[in-house]
Structures are given as C-alpha cells and as structure tokens.
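Results of the structural survey
Take a look at the letters that make up each chain.
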Amino acid sequence: MVTVITITNQKGGTGKTTLSALLAFALTELNKKVLLIDLDPQAHLSSFFIKPNDLENIEGSLHMALGQRFKIVKINDRLGIIPSRLDYMVRAYRGELPMTRPYAIDERLRRPSRLRMEPAITGRYDYVIIDTPPELYPPTIWGLYAADYIIIPSNLEELSLMGVRLLIKDILPDVFLYSKHEVKVLGIALTNITKRYRPETIEKINNAIVKFIRDKIPRTLHNRFYVRPLFKTIIHRHNELRDVVYRPRRWEIPISRIMRRNEELFNEVREFGKEVLDRETLFQHLQ
Ligand SMILES: Nc1ncnc2c1ncn2[C@@H]1O[C@H](COP(=O)(O)OP(=O)(O)OP(=O)(O)O)[C@@H](O)[C@H]1O
Ligand SMILES: [Mg+2]
C-alpha cells in the first residue's frame, strides 16, 4: 500500500514545490521509496530533476490522469517522478482536462485509480508526494481527492495564511465528505520564514488556527486535523533555497548537494521528514 501525501495551498508562492522536493529527499534519507507526481503545468518540480527541453517528450502526470500511457522517470534507487509539462496548459485551455477525480477513482473501470492499482507504483514505492498548482485549477482538485494526507505549506505573510483559512473553511470540508479515502490534514508547515519570530508568536498562530478549525468546521470533522495543526519543525528561509525553482541547470544539481552546503537546513529537513512519519503513525493509531 502506498501512502499519498498532497502538498497544497491555493495561494501561489507559499513553498509547495520546494517543500515537495525537500520532503521527498527527507523520506528517502529515512530509507523510504518515494514517487513524486508533479500536477502543476508550470512544471517547476519536474525541472528540479529533468531538463525542461526533455520534458516535452515525456508522457507524464496528465497522461496518467487521462488513462493513457505514462512514464515514471527514475532519479535514483529510492526516488522517481511522474513529471508535468508546459503544454498541459494548452490542453486545459481546450477543455481537455477531466473535472472528475482521476487520481482517486477510475470512473471508466469503476475502481480505485491507477495511483493505487498500478504495480509500477504500488510494488515499488512507499510514498507518493503530489505537488499541486496554486488556485483551484482542476489538477489541484485531483491532488486533494487523491490524498491520504494533506500538508499545507505557508509562510507568515497574511495572504498565505488567508490561503490556509480558505482551504480549511471552504474546500477541505467537501474533500472530507466526498473523497473515497479518509483524507486527513497532517499539518501546516511553516516554510521560508526568517528566524526573527519568537516561539510565543508561533504558538499564538497555532492556537488561532485551532480556534478557526473549531469555529468553522463541523465537529464530526475535527478529527481529520492533527491535534497540533502547525508542524513543530520549521523550514526557515535559507539562501541555498532562494529562487531554486528558477536556477539555471538546476536539474543537474542533486538535492543532496544543496543539503550538504548547509547543515542547519539539512537538519530541519530531516526533522521535518521524521515529524511527517510520526504524525502519520499517530493518525493510524487513532483509527
Ligand atoms: N525555505 C526557503 N528558503 C528560501 N527560499 C525559499 C524557501 N522555500 C521556498 N523558497 C523560494 O520561494 C519561492 C516560492 O517557492 P515555491 O516555488 O516552492 O512555491 P510554490 O508554492 O510552489 O509556488 P507556486 O504557487 O507558484 O507553485 C521560490 O523562489 C523558492 O526558491
Ligand atoms: Mg509550485
């Protein structure tokens, strides 16, 4: 059985893509096998690993969603990716993207989607990590409905936090009710924030989110959120990660090399991976 973790925040630029790559690295360091799925037609996550020109010839995440042949690109023994590509935007423009939930259910065959059935995935990987686009673009919805667990990256900028509230109040209740899986929110991950915030400030934000969930979500759905919504581990703003998604020849630089340049960053990322696994274990015991 694979565990599917979807990284999402409807606000753009909150660190979804960077966190997807970092979490994949952290889990592989913890000996897990990880498959990344890039659902964003902007293809930034794909370009961490594959030269953009080469992406044009790879049948990736949209092909998989459409029930067509697709390719898993192997990065190393423990990491693979189903990439995205820019021309998927054209297919969206032409109305060719399914509005249903192709990563949750195969409507045609009336069974769980290929994400849960395909031997190349289920036989080889422990975790699937899905990076989603900003906004409520169809692939964002596919990612939400495919998830066992959702992680919401945010910084402390007001619009990012509004994105978190919008997701909690207006989108997740539907996903909880209509998904084929018990979708749960593993937590909100503070990323790309400076170190100037005091622990008390962070606690205040956590408490405000707890209150928001209590006030805005039906009581029967409270158990879908991890008791402490904010992850303890914060991935701070580090120079090594600044503009990584735009860096020239980034596909030639393994994440491990970036991590080796900054021990503090490496430790944060490893701690974050451990916290993800701990939170998942706790959720399983609660069931
Ligand atoms: N911890 C960090 N330290 C420094 N820079 C970061 C960090 N995390 C992300 N960034 C930078 O912030 C910007 C936005 O990050 P990223 O592209 O991961 O966000 P996103 O949510 O995927 O954006 P989009 O909504 O456009 O898909 C990028 O330039 C990235 O390099
Ligand atoms: Mg992104």
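This text gives an overview of the structure that appears in the document. Bear in mind the structure is a predicted one, so any value in this text is a computation, not a measurement. All residue numbers here refer to positions counted from 1 along the written sequence of the relevant chain. Chain letters and ligand numbers both follow the written order, the letters beginning at A and the numbers at 1. Only residues with pLDDT of at least 70 are given local features in this predicted model, and only at 80 or more are side-chain atom pairs given and counted; all residues enter the totals for whole chains, interfaces and linings. Computation of side-chain values covers all heavy atoms of the structure but excludes hydrogens and water.

1. Focus: the packing of helix α1 (residues 16–29) against helix α12 (residues 263–286)
- The geometry of α1 relative to α12 is characterised by a closest axis approach of 8 Å and an angle of 75° between their N-to-C directions. Classified by the interaxial angle, the pair formed by α1 and α12 is roughly perpendicular. On the side of α1, the interface is formed by Leu 19, Leu 22, Leu 23, Phe 25, Ala 26, Leu 27 and Glu 29, while α12 contributes Phe 266, Val 269, Phe 272, Gly 273, Val 276 and Leu 277.
- Each residue belonging to the contact of α1 with α12 can be placed in one class, and the counts come to eleven nonpolar, one polar and one charged. The convention used is that axes are lines fitted to C-alpha atoms, helices contributing only their stretch in contact, and that angles between N-to-C directions extend from 0 to 180 degrees. Helix and strand labels come from DSSP, where a helix needs a run of H or I of at least four residues and a strand needs a run of E of at least two; each type is numbered from the N terminus. Angles below 35 degrees are treated as roughly parallel, those above 145 as roughly antiparallel, those between 65 and 115 as roughly perpendicular, and all remaining angles as oblique. Note on definitions: a residue-residue contact is assigned when non-hydrogen atoms from the two residues lie within 4.5 Å. Each residue is assigned to one class: nonpolar for Ala, Val, Leu, Ile, Met, Phe, Trp, Tyr, Cys and Pro, charged for Asp, Glu, Lys and Arg, and polar for all the others, Gly among them.

2. Comments concerning the pattern of salt bridges
- Counted as salt bridges are all cases of a side-chain nitrogen of Lys or Arg within 4 Å of a carboxyl oxygen of Asp or Glu. Under the defined criterion, the tally for this structure stands at 15 salt bridges.
- Glu 118 serves as the salt-bridge partner of Arg 114, at 3.9 Å between the closest nitrogen and oxygen.
- Salt-bridge contacts for Arg 198 lead to Glu 200; the nearest nitrogen and oxygen are separated by 3.1 Å.
- With a 1.4 Å probe rolled over the protein chains alone, any residue whose accessible area is under 20% of its type maximum counts as buried; one over 50% counts as exposed, and the rest are partly exposed. The class of Arg 198 is exposed, set by a relative accessible area of 52%.

3. Focus: the packing of aromatic side chains
- In this scheme Phe, Tyr and Trp rings, the latter by its six-membered ring, pair at centre separations within 6.5 Å, and the angle between planes marks the pair as stacked below 30 degrees, edge-to-face above 60, and tilted otherwise. Tallied over the entire structure, the rule returns seven aromatic pairs.
- Ring centres 5.8 Å apart and planes at 75° place the aromatic pair Tyr 226 and Phe 283 in the edge-to-face group. Taken together, the residues Tyr 226 in the loop between α10 (199–216) and β10 (235–236) and Phe 283 in helix α12 connect sequence positions 57 residues apart.
- Note on Phe 283: relative accessible area 4%, which makes it buried.
- Summarising the aromatic geometry, the rings of Phe 231 and Phe 272 are spaced 4.8 Å apart at their centres and angled 55° between planes, so their arrangement reads as tilted. Here Phe 231, found in the loop between α10 and β10, pairs with Phe 272, found in helix α12; they are 41 residues apart in sequence, far enough to count as distant. The residues Phe 231 and Phe 272 share a single accessibility class, namely buried.
- Among the aromatic residues, those joined into a ring-pair cluster are Tyr 149, Tyr 226 and Phe 283.

4. A few points about helix α9 (residues 158–178)
- Here α9 contains 21 residues, and its C-alpha end-to-end distance of 30 Å stays within 8% of the 30 Å for a straight helix at 1.5 Å per residue.
- Take the seven residues that end at a residue and the seven that start at it, fit an axis to each, and the angle between those axes is the bend at that residue. At Ile 171, α9 shows its largest kink, close to 50°, and the proline Pro 173 lies no more than four residues downstream.
- For α9, the complete set of buried residues consists of Ser 160, Leu 161, Gly 163, Val 164, Leu 167, Ile 168, Ile 171, Leu 172, Pro 173, Val 175 and Phe 176. Under the convention used throughout, the expected extent of a helix is 1.5 Å for every residue step, that is, one less than its residue count.

5. Topic: the nonpolar core
- In this text, buried Ala, Val, Leu, Ile, Met, Phe, Trp, Tyr and Cys residues form a nonpolar core when linked through side-chain atoms within 4.5 Å. Residues Leu 23, Phe 49, Ile 151, Met 259 and Phe 272 are the most contacted members of the largest nonpolar core, which totals 44 residues.
- The leading source of residues in this core is α1, at eight residues.
- Once residues lying within four places of it in the same chain are set aside, the contact partners of Met 259 are Leu 22, Phe 25, Leu 265, Phe 266 and Val 269.
- By size, the runner-up hydrophobic cluster in this structure holds 30 residues, among which are Leu 161, Val 164, Leu 167 and Ile 209.

6. Brief notes about the sheet that holds strand β8 (residues 149–154)
- DSSP-based pairing: two strands are paired if at least 2 bridges between them are found. Strand order in the open sheet made by the eight strands is β3-β4-β2-β7-β1-β8-β9-β10, with mixed pairing throughout. In this open sheet, the two strands that pair with only one neighbour each are β3 (73–76) and β10.
- One ladder, built from six bridges, connects β8 with strand β9 (residues 184–193); its direction is parallel. In the strand pairing of β9, Ser 154 is matched with Leu 190.
- Each of β1 (3–7), β7 (127–131), β8, β9 and β10 is contacted by α12, which is oriented at about 165° to β9, the strand it contacts most.

7. Remarks on the site of ligand 1
- The nearness test applies per residue and asks whether one of its heavy atoms lies within 4 Å of the molecule or strand. Near ligand 1 you find 20 residues, and of these Gly 13, Thr 17, Thr 18, Leu 241 and Asp 243 are the closest.
- Measuring from an oxygen atom of ligand 1, one finds a backbone N or O atom of Leu 241 at 2.8 Å.
- Of all the secondary-structure elements, those providing two or more residues to the shell around ligand 1 are α1 and β10.
- Looking at which element gives the most residues to the shell around ligand 1, the answer is α1, with three residues. Here a polar contact is taken to be a pair of N or O atoms separated by no more than 3.5 Å, where protein atoms must pair a possible hydrogen donor with a possible acceptor and residues adjacent in sequence count only if both atoms sit in side chains.

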